[in-house]
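Remarks on the overall topology
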Amino acid sequence: MMIFLICLLVTQEARSVGIMGALDVEIESIDDDMTVEMVDTIGKKTYKIGKIFNSPCVLVQAGIGKVASAQTAQTLIMQYGVDIIIFTGVAGGINPTLDVGDIVISKDVIQHDFGQVWPDSFVPFDTFGFYADSSLIGLALDAVEKVEFVPVSARSGTHGKIPRVVLGRIATGDQFISSEAKRRWIEEVFNADCVEMEGAAVAQVCAAYDIPFLIIRSLSDLANEDADVDFHTFVLHAAQNSSKLVKEILNQFVR
Ligand code: ADE
């Protein structure tokens, strides 16, 4: 009987969620809704431990790029024993049907800069990615219906557009893409929907420890020659919309 009760308590324990973003702006609105119980610094990253809508969470700004995000994901898993990792932030659009402000929920994630350089070409080592957790994807798709997104005035000229949300492929590399030629290459070679600088590294660390993950990215730019200007114009609202979706997912955990 005692053993049964202990098992019941253990299985009923809420799952702890690691929440990551690269930039301050990508996590600040999540921080606003967090009840922080403890703050730690490990490897020059600040980990906030507490609850969001009663869901146990560890929130961290990982910094930019694959190394910083892999380091942080590993710490979330090894030091804080998180059961799930969700990464939130912005990305450059690769799928030409998507506009600034639209949101990509990861079906899978690949590295676009991992491969072999030849005199006239670059051959990726891998065009297969890491698959995001299907139940987290399901929760995210349900959450989309409940979120009131901030309208984003997109480049295409549509002002105050409510984001379109797609399930898609995210390409990761240690490069900020501001080139239409490179955007087209990533589209053709990887069939990706957006590009960013952390997701596949987090996914690879999660896969090593069998930790379910999900990456949510809202488009701040279209990875072309205007990307630098667009990024600064749209990053705030794009980041807020991605965070809103993450918060609604957490809200569903506690139901
Ligand atoms: N994050 C936001 N925009 C990006 C881009 N164009 N390339 C890489 N990462 C990004």
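Structure: see above.
All of these numbers come straight from a predicted model, not from anything done at the bench. (Residues numbered from 1 in each chain as written. Predicted model: local features only at pLDDT ≥ 70, side-chain atom pairs only at ≥ 80, totals over all residues. Heavy atoms only, no water.)

1. What about the overall build of the protein?
Assigned secondary structure in the protein consists of seven helices and 12 strands. Over its C-alpha atoms the protein spans a radius of gyration of 18 Å, differing by no more than 12% from the 18 Å that the globule rule assigns to 255 residues. On the principal axes, the C-alpha backbone points of the protein span a range of 65 × 45 × 30 Å. Residues classed as buried in the protein amount to 52% of the 255 residues present. When contacts within the protein are restricted to residue pairs at least 6 apart in sequence, those whose partners lie at least 24 apart make up 75%. For the protein, the accessible area works out to roughly 11800 Å², and carbon and sulfur atoms hold 55% of it. Placing the 19 positive and 34 negative side-chain charges of the protein at their respective mean positions leaves the two points 2 Å apart. (Helix = DSSP H or I, 4+ residues; strand = E, 2+ residues; numbered from the N terminus. Rg over C-alpha atoms; globule rule 2.2 N^0.38 Å. Buried < 20%, exposed > 50% of the residue type's maximum accessible area, 1.4 Å probe, protein only. Contact = heavy atoms within 4.5 Å. Areas by Shrake-Rupley, 256 points an atom, 1.4 Å probe, with all protein chains shown as cover. Lys, Arg positive; Asp, Glu negative; His and termini not counted. Charge placed at Lys NZ, Arg CZ, Asp CG, Glu CD.)

2. Some remarks on the pattern of salt bridges
For the structure shown, the criterion picks out 12 salt bridges. Where Glu180 meets Arg184, a salt bridge forms, and the shortest distance between an N and an O atom there is 3.8 Å. Note that Glu180 and Arg184 are positioned in helix α5 (residues 180-190) at a spacing of four residues, about one turn of the helix. When its relative accessible area of 38% is taken as the criterion, Arg184 is described as partly exposed. A salt bridge links Arg217 to Glu198, with the shortest nitrogen-to-oxygen separation between them at 2.9 Å. (Salt bridge = Lys/Arg side-chain N within 4 Å of Asp/Glu carboxyl O.)

3. Examining the state of the cysteines
Tallying each qualifying case throughout the model produces zero disulfides. Free cysteine: Cys194, not disulfide-bonded; nearest cysteine sulfur from Cys206 at 17 Å. By relative accessible area, which is 0% here, Cys194 ends up buried. Looking at Cys206, it has no disulfide partner, and the nearest cysteine sulfur is the one in Cys57, 15 Å off. (Disulfide = S-S within 2.5 Å.)

4. Let's talk about the site of the ligand
In the neighbourhood of the ligand, 13 residues make up the surrounding shell, with Ala91, Gly92, Phe176, Ile177 and Asp221 lying closest. Between the ligand and Gly92 there is a distance of 3.3 Å, counted from a nitrogen atom to a backbone nitrogen or oxygen. Residue Ile177 places a main-chain N or O atom 2.9 Å away from a nitrogen atom belonging to the ligand. Relative to its unbound accessible surface of 260 Å², the ligand loses 96% to contact with the protein. Elements with a contribution of two residues or more to the shell around the ligand: β5 (84-93), β11 (194-196) and β12 (213-221). Here the shell around the ligand gets three residues from one element, more than from any other, and that element is β5. Broken down by class, the residue content of the shell around the ligand amounts to eight nonpolar, three polar and two charged. (Near = heavy atom within 4 Å. Polar contact = N/O pair within 3.5 Å; in protein donor to acceptor, adjacent residues only side chain to side chain. Nonpolar A, V, L, I, M, F, W, Y, C, P; charged D, E, K, R; others polar.)

5. Concerning the environment of Ala91
Turning to its location among the elements, Ala91 is positioned in strand β5. The spatial distance from the C-alpha of Ala91 to the C-alpha of Ala239 is 9.3 Å, given a sequence separation of 148 residues. With residues up to four places along the chain from it excluded, the contact list for Ala91 reads Cys194, Val195, Glu196, Arg217, Ser218, Leu219, Ser220 and Asp221.

6. A look at the packing of helix α2 (residues 24-32) against helix α7 (residues 227-253)
Geometrically, a packed helix pair is captured by the angle between its two axes and the distance between the axes. Relative to each other, α2 and α7 sit at 45 degrees, their axes nearing to 8 Å. Here α2 is positioned oblique relative to α7, judged by the angle of their axes. In the crossing of α2 with α7, the sense of the turn from one axis to the other is right-handed. Two secondary-structure elements touch here, α2 through Val25, Glu26, Glu28, Ser29 and Ile30 and α7 through Val235, Leu236, Ala239, Ser243, Val246 and Lys247. Residues that form the contact of α2 with α7 fall into these classes: six nonpolar, two polar and three charged. (Axes fitted to C-alpha atoms, helices over the stretch in contact; angles between N-to-C directions. Parallel < 35°, antiparallel > 145°, perpendicular 65-115°, else oblique. Left-handed = near helix turned anticlockwise from the far one by under 90°.)

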